[in-house]
Amino acid sequence: MPGRVLKLPLLLLPLSLLLMSCLTSGCGKQEQRAQNGVIVLDFWNGFTGPDGKTMEKIVDAFNKEHKNVKVRMQIIPWGTYYDKVTLGLAYGKAPDVFILHTDRLPEYADSEALNCIDDLVRLGGLQPKDFMPRAWSAARWKGHQYAIPLDCHPIGLYYNVDLFKKAGIVDDKGKAKPPRNLTEFVEAAKKLTVDRNKDGRPEQWGFAFTWLRTNAHTFLAQYGTGWISRDLKHSDLTSPNARKAFSLMTRFIYQDKICPAPEGQDAWVGFRTGKVAMALEGIYMLTSVEEQAGLHFAGAPCPQFGPVPAVWGGSHLMAMPAKISPERRSAAWTFIKYLSDHSLEWARGGQVPVRKSILASAEFRRLKVQYEFSKKLPHVVYLPQSVATNQVLPFCDACVEAILNRIKPMDEALSEAARRINHVLERS
Amino acid sequence: MKAWNRNKYAAGFLIPYFSLFAVFVVAPIVYGFFISLHKWYILSPHPTFVGFANYRAALKDDLFRIALLRTGYFVLMVVPIGNALSLLLAVSLNQGYRGTTIYKVCYYLPVLTSVSVVAIVWRWLLSSEFGIVNYYLRLLGLRSINWLSDTKTAMPSIALLSIWWGAGGNMLVYLAGLKNIPRELLEAAEIDGASPGQRFRSVTIPLLRPTILFCLVMSVIASSQVFGQTYILTGGGPYYSTLTVILYMYQQGFGLYQLGYGAAVGYLLFAVVLVFTLLQFKLLPFRRL
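Here, residues in each chain are numbered from 1, in the same order as that chain's written sequence. Chains carry letters and ligands carry numbers; both start at the beginning, A for chains and 1 for ligands, and go up in the order they are written. Where local features are concerned, this predicted model is filtered to residues with pLDDT of at least 70; where side-chain atom pairs are given and counted, the filter is 80 or more; whole-chain, interface and lining totals use all residues. Side-chain measures were taken over the full set of non-hydrogen atoms in the model, leaving aside hydrogen atoms and water.

**Details of the overall build of chain A**
The helix count covers DSSP runs of H or I at least four residues long, the strand count covers runs of E at least two residues long, and both are numbered beginning at the N terminus. Summing up its helical and strand segments, chain A has 19 helices and 15 strands in all. Seen through its C-alpha atoms, chain A measures out along the principal axes to roughly 90 × 60 × 45 Å. What makes two residues a contact is simply this: any of their non-hydrogen atoms within 4.5 Å. Of the contacts made within chain A by residues no fewer than 6 positions apart, 73% connect residues no fewer than 24 positions apart. When the accessible area of chain A is evaluated, it comes to approximately 19,400 Å², of which 53% is carbon and sulfur surface. Positive charges come from Lys and Arg, negative ones from Asp and Glu, while His and the chain ends are left out of the count. Note that the charge is assigned to NZ on lysines, CZ on arginines, CG on aspartates and CD on glutamates. Taken together, the 55 basic and 43 acidic charged side chains of chain A have centroids lying 2 Å from each other. All accessible-area figures derive from a Shrake-Rupley calculation using a 1.4 Å probe, and residue coverage is judged against the displayed protein chains alone.

Given below as C-alpha cells:
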C-alpha cells in the first residue's frame, strides 16, 4: 500500500514539471513563417476603427500583386498595442513590420530595438525630398533613419455647419465661415453658446476641449513653448509663454464662458450630437463624424490663437525590429515602400499623407477635410523627441486636467508638473 | 521510522505544490529584489547595477509619497467600516432566523465576482451623466455629483465599492468565529441577567478576538494592495487623488517599463505593510484571550 501511495506523487512530479515548462516556454508550435519559398511577413498595427478596413484593403492588394511575399496583418487595440510591441522587441518575438507613433521612436531607437534603414533609403525607391520635412525627421534618431512616416495626423477645427448657419456665421455666399484667428474664434463661439433657460448651464456650447493633451500642446506650441525645452534638458512649463497659453485656455471656460470645464464631460460625443459647435481634433476622428447620422460638419485648419501658427500632430511610422534576417528585411522594405506609395488610399480612410507628390495630386485635393487639415502640415509640432517623452506625458495630462478643472491654481500645477518632469529628465 | 515514512509520503504529495510555489512565488520575489537594484528599462540590452538608488529616488519622489498617503486614506476608510459591516452582517445572520442562507449567498456573491466586472458595474452606477445614483439624487431635487471625477469624492467612492465588494468575505470568517463561541457561556450570561448588548460586548467580542485580529490584519494587507478598482475606474486621477502605491508601481513597471524603479516601489510598500502588520500584532489588545 505505501508503495502505491508513493507512486502517485512520483507521477505528479514530472507532470508538474511539464506543466511549468509549458507555461514558461509556450507549448505552441513554432510559427510557420515561410511557405513554399513565399516569405510570410507579420505586420502589426492598432487600426481598430474604419482605418483598419482601409489598411486591410491595401494589404490585400499587396498580397495579390506580390507572389513571393505574403503579409499577415494583426490589429491590436492601441490600449495594449505598445505592451505587445515592447515585449515583442524585448524578447525577440516582434513582427517584421509594425506601426509606431513618433513619440515612441526615440525610446525604441535609443535601446537599439529598431532596424537602422539608412542603407535602404540610400539605395533608392523612396526619396527623402518627397516627404514633408518635419514628418521625415520625426522618423530619425541621432542622425540615422529608423522608420518611414506613413502619414501625419494634425489637429484641426471640426465645426457644425448647421449651427454656424443658424447663428449667422456665414460668408457672402451664405456658407458657414470657420474662424481663422482668436478674435473670430471667440466671437463665433459666443454666438454659438446658447443658454435658453438662463440657468448658467448652456444647452449648447460654442467650443469644447476634447483630448486635453493635443489641445494644450497646440496652445503651448502657438505661444512658442512646450512641455519640454528645445534642448530636451528641462521642462518649459514654468515659462511666461506657457502661462499665457494656459491662461487663454482657462479664459475660454471661466471668463468668456464659451466652453465647459472638461470635468466629467465627453466633449466629442457632444460635438457629434450637436451640443458642441466646434472642437479641435485629429484628422483620425473624421470617420466617427462621417458616420454620425444628421450631423453636417466641415473641417478647417486650426485657428491661430497665439503668435505662432503651430498645431499638434503625430505620425504613424513604419518600422522593422533590429533583429531580422536579410531576406525578410528586404521583403519588409518592399512592403513599407508599397504602403508609402499607396498612402493616398490610406488618406481616404481619414488621414493626411506626407508624400509631397501625393499631397499635390488632384485626387487628394478632392478629399475636403483631409485637404483642409493638410494646410497646417508645414507647421506641425510633434511631441518632444526625447527618450523620456512617454514618462513625462502623464504629468502633462494631470497638469492640464488640474488647471482647466481648477483643481489647483495654475502656477502651482505648472510648477509641480515642471518639477516632476525635471526629476524624470534627470533620472533618464 | 513510521513517522519518517509518513513524512516522506507527505513530502511527495507536496512536491507539485512546492515546485509551483517556488517557481511562481519565491523565485519572482527574489528576482524582483534583484531587479530593484538595477536601472532596468525593458528594452535596454544591459541593465546597470545601481544599488539602492531606485529606493532613494522613490523616497524623494513626491508622487510615491502621495500614493502612500492615498493608500493610507483608503485603508483607513475600508478596514474599520468594512469590518464593522461584516461583523454586523455575521451577527445578524447568526440569529438562526429562517432563510438566512439566501442572505449569506447574496452577501457573498460580490466576493466571487472579478474586480473588473465590479468596477465596470460601479462605473455605470456612479456615472455623472447616466448613473442611477445621480438619477435618484436629481429625482430628490439634489444636484448630481461627479463621483469619480471630483478629487474629493473619487477615493471615498472607490472605498464604498470596495467595502461592498469585500464585506461578504470577512462576514463568513466572522460567522465561523461566532459559531465557535460556546452557547453555554452566552446562556450563563443571560441567566445572570446580562442584556443582549452586554452579552455582545462582554462575551462575544472577547471570544471573537482572534477572528477580529485575523480579519483586521488580512484586510489591512489586502486593502494596501488596492489596484483593480483604481486602475479601471479612475486610472489614479483626478489629479492623483486615487493614485495608490500598487497602481503607481504598475504605471512605472508595466506602463513605462522602468522595471527597476517599479520593483523598488513594490518593495517599499512591502516594508510599510510589514511594519503595520507587526504593529497591529503588538498594539491591538486582541492577542491574548
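We are not done yet, so read on.
**Quick word on helix H2 (residues 53–60) of chain B**
All names here are of chain B. Of all the positions in H2, only Asn54, Tyr55, Ala57 and Ala58 are classed as buried. Viewed along the axis of H2, the buried residues span an arc of 160°, placing them on a single side of the element. Residues of H2 that are exposed and angled more than 90 degrees away from the buried face: Arg56, Leu59 and Lys60. Partly exposed residues are those whose accessible area sits between 20% and 50% of the maximum for their type, while under 20% is buried and over 50% is exposed, using a 1.4 Å probe and protein chains only. Here the arc refers to the set of directions running from the helix axis out to each C-beta atom.

**Side note on the side chain of Thr214(A)**
Residues and elements named next belong to chain A. As for its position among the elements, threonine 214 is in helix H9 (residues 212–222). Here asparagine 215 takes part through its side chain, which lies 3.4 Å from a polar atom of the side chain of threonine 214. Here threonine 214 is in contact with Ile155 and Trp312, once residues within four sequence places are set aside. Definition of a polar contact: a pair of N or O atoms within 3.5 Å, with one able to donate and the other able to accept a hydrogen when the atoms are protein atoms, and with sequence-neighbouring residues admitted only if both atoms are side-chain atoms.

**Quick word on the state of the cysteines**
Our working definition of a disulfide is a cysteine sulfur pair at a distance within 2.5 Å. Taken as a whole and judged by the stated rule, the model has 0 disulfides over all chains. Free cysteine Cys302(A): the closest other cysteine sulfur is in Cys152(A), separated by 13 Å.

**Side note on helix H2 (residues 50–65) of chain A**
Residue and element names in this part refer to chain A. Spanning 16 residues, H2 covers 23 Å between terminal C-alpha atoms, matching the ideal 22 Å at 1.5 Å per step. Turning to H2, its buried residues are Asp51, Gly52, Thr54, Met55, Ile58, Val59 and Phe62. Here the buried residues of H2 occupy an arc of 160° about the axis, which is enough to place them on one side. Summarising the geometry of H2, the exposed residues directed more than 90 degrees from the buried face are Lys53, Lys57 and Lys64. Multiplying 1.5 Å by the residue count of a helix minus one yields the expected span of that helix.

**Comments concerning the confidence of the model for chain A**
Where the model shows low pLDDT, its predicted coordinates should not be examined in detail. All names here are of chain A. As a per-residue measure, pLDDT reflects the predictor's confidence and takes values from 0 up to 100. The share of residues in chain A with pLDDT of 70 or more is 91%, and the mean pLDDT across the chain is 90. In the predicted structure, residues 1–6 sits below a pLDDT of 50 and forms 5 contacts with residues beyond four places in sequence or in another chain. Ignoring residues within four places in sequence, the model shows residues 22–32, a span with pLDDT below 50, making 6 contacts including any to other chains.

**Let's talk about the packing of aromatic side chains**
The rule is short: rings of Phe, Tyr and Trp, with Trp giving its six-membered ring, pair when the centres are within 6.5 Å, and they are stacked under 30 degrees, edge-to-face over 60, tilted in between. Under the definition given, this model contains 44 aromatic pairs over all chains. Here the aromatic rings of Phe52(B) and Tyr55(B) are separated by 5.3 Å at their centres, their planes lie at 50°, and the arrangement is tilted. The residue whose ring lies beneath Arg104(A) is Tyr82(A), and the NZ or CZ to ring-centre distance is 4.2 Å. Ring-over charges, as used throughout, are those where CZ of Arg or NZ of Lys falls within 6 Å of the ring centre and within 35 degrees of the ring normal. Directly above the ring of Tyr254(A) sits Arg406(A), whose terminal nitrogen or CZ lies 3.8 Å from the centroid.

**A few points about a positive patch on the surface**
Each patch is built from salt-bridge-free residues with over 30% relative accessible area, joining like charges within 9 Å and nonpolar side chains (Val, Leu, Ile, Met, Phe, Trp, Tyr) within 5 Å. Any Lys or Arg side-chain nitrogen located within 4 Å of an Asp or Glu carboxyl oxygen qualifies as a salt bridge. A cluster of like positive charges, contributed by Lys165(A), Lys173(A), Lys175(A) and Lys368(A), occupies part of the molecular surface. As for its position among the elements, Lys368(A) is in helix H17 (residues 368–374).

**Observations regarding a nonpolar patch on the surface**
A cluster of nonpolar side chains, contributed by Val23(B), Phe24(B), Val25(B), Val26(B), Ile29(B) and Val30(B), occupies part of the molecular surface with about 470 Å² of accessible area. Looking at the element boundaries, Val25(B) is found in helix H1 (residues 2–36).

**Side note on the pairing of strand E13 (residues 316–319) of chain A**
All names here are of chain A. Residues of E13 alternate between two faces, with His316 and Met318 on one and Leu317 and Ala319 on the opposite face, all of them buried. Two strands qualify as a pair provided that DSSP identifies no fewer than 2 bridges between them. Here 4 bridges tie strand E4 (residues 97–101) to E13, and the two strands are oriented antiparallel to one another. Looking at the pairing, leucine 100 lines up with leucine 317 of E13. Of the strand pairs in this sheet, strand E7 (residues 147–149) and E13 are connected by 3 bridges, and their pairing is antiparallel. Looking at the pairing, alanine 147 lines up with alanine 319 of E13.

**Here we look at the interface of chain A and chain B**
Opposite the 45 residues of chain A that make contact, chain B presents 36 residues. Here's the idea: put two parts together, see how much 1.4 Å probe accessible area each one loses, and the total over both is what we call buried area. Carbon and sulfur atoms make up 63% of the surface buried where chain A meets chain B, a total of about 3,200 Å² over both sides. Taken together, the connections running from chain A to chain B amount to 2 salt bridges. Notably, a salt bridge pairs Asp62(B) with Arg420(A), separated by 2.8 Å at the nearest N-O pair. Where chain A packs against chain B, one counts 5 residue pairs in polar contact (both at pLDDT 80 or more). For the side of chain A that touches chain B, the elements supplying multiple residues, two or more each, are helix H1 (2–25), helix H3 (78–90), helix H4 (105–110), helix H18 (389–404) and helix H19 (410–427) of chain A. Per element, the largest residue contribution to the side of chain A that touches chain B is 12 residues, and it comes from H1(A). By residue class, the composition of the side of chain A that touches chain B is 23 nonpolar, 10 polar and 12 charged. Any residue outside Ala, Val, Leu, Ile, Met, Phe, Trp, Tyr, Cys, Pro, Asp, Glu, Lys and Arg is labelled polar, Gly included; the first ten of those are nonpolar and the last four are charged.

**A closer look at the nonpolar core**
Nonpolar core, defined: a set of buried Ala, Val, Leu, Ile, Met, Phe, Trp, Tyr and Cys residues in which side-chain atoms within 4.5 Å join the residues together. Counting 170 residues, the largest nonpolar core has Ile148(A), Phe209(A), Trp227(A), Leu237(A), Phe246(A), Phe252(A) and Met278(A) as its most contacted members. Here this core takes 10 residues from H18(A), the largest share from any one element.

**Observations regarding the packing of H2(B) against helix H12 (residues 259–283) of chain B**
Residue and element names in this part refer to chain B. Axis lines are fitted through C-alpha atoms, for helices just across the contact stretch, and the angle between N-to-C directions can take any value from 0 to 180 degrees. At a minimum axis separation of 9 Å, H2 and H12 run at an interaxial angle of 70°. One element, H2, and the other, H12, form an angle in the roughly perpendicular class. Residues Asn54, Tyr55, Ala57, Ala58 and Leu59 of H2 form the contact with H12, whose participating residues are Gly260, Tyr261, Ala264, Val265, Tyr267 and Leu268. Taken together, the residues of the contact of H2 with H12 sort by class into 9 nonpolar, 2 polar and no charged. For this classification, under 35 degrees means roughly parallel, over 145 means roughly antiparallel, 65 to 115 means roughly perpendicular, and everything else is oblique.

**Observations regarding the pattern of salt bridges**
Going through the model one piece at a time under the given rule, you end up with 18 salt bridges over all chains. Here Lys408(A) ties to Glu416(A) by a salt bridge, and the two come within 2.9 Å at their closest N and O atoms. Ionic pairing is found between Arg419(A) and Asp62(B), a salt bridge with its closest N-O pair at 3.3 Å. With Arg419(A) in helix H19 and Asp62(B) in helix H3 (residues 62–93), this residue pair bridges two chains. Residue Arg419(A) is classed as partly exposed on the basis of its relative accessible area of 45%. A relative accessible area of 11% means that Asp62(B) is categorised as buried. Taken together, the salt bridges that share partners define one network made up of Lys408(A), Glu412(A), Glu416(A), Arg419(A), Arg420(A) and Asp62(B).

**Thoughts on the environment of Ile163(B)**
Residues and elements named next belong to chain B. If you trace the backbone, isoleucine 163 turns up in helix H7 (residues 154–179). Separated by 86 residues in the primary sequence, isoleucine 163 and methionine 249 have C-alpha atoms spaced 23 Å apart. The residues contacting isoleucine 163, other than those within four sequence positions of it, are Met77, Val78, Ile81, Gly82 and Leu85.

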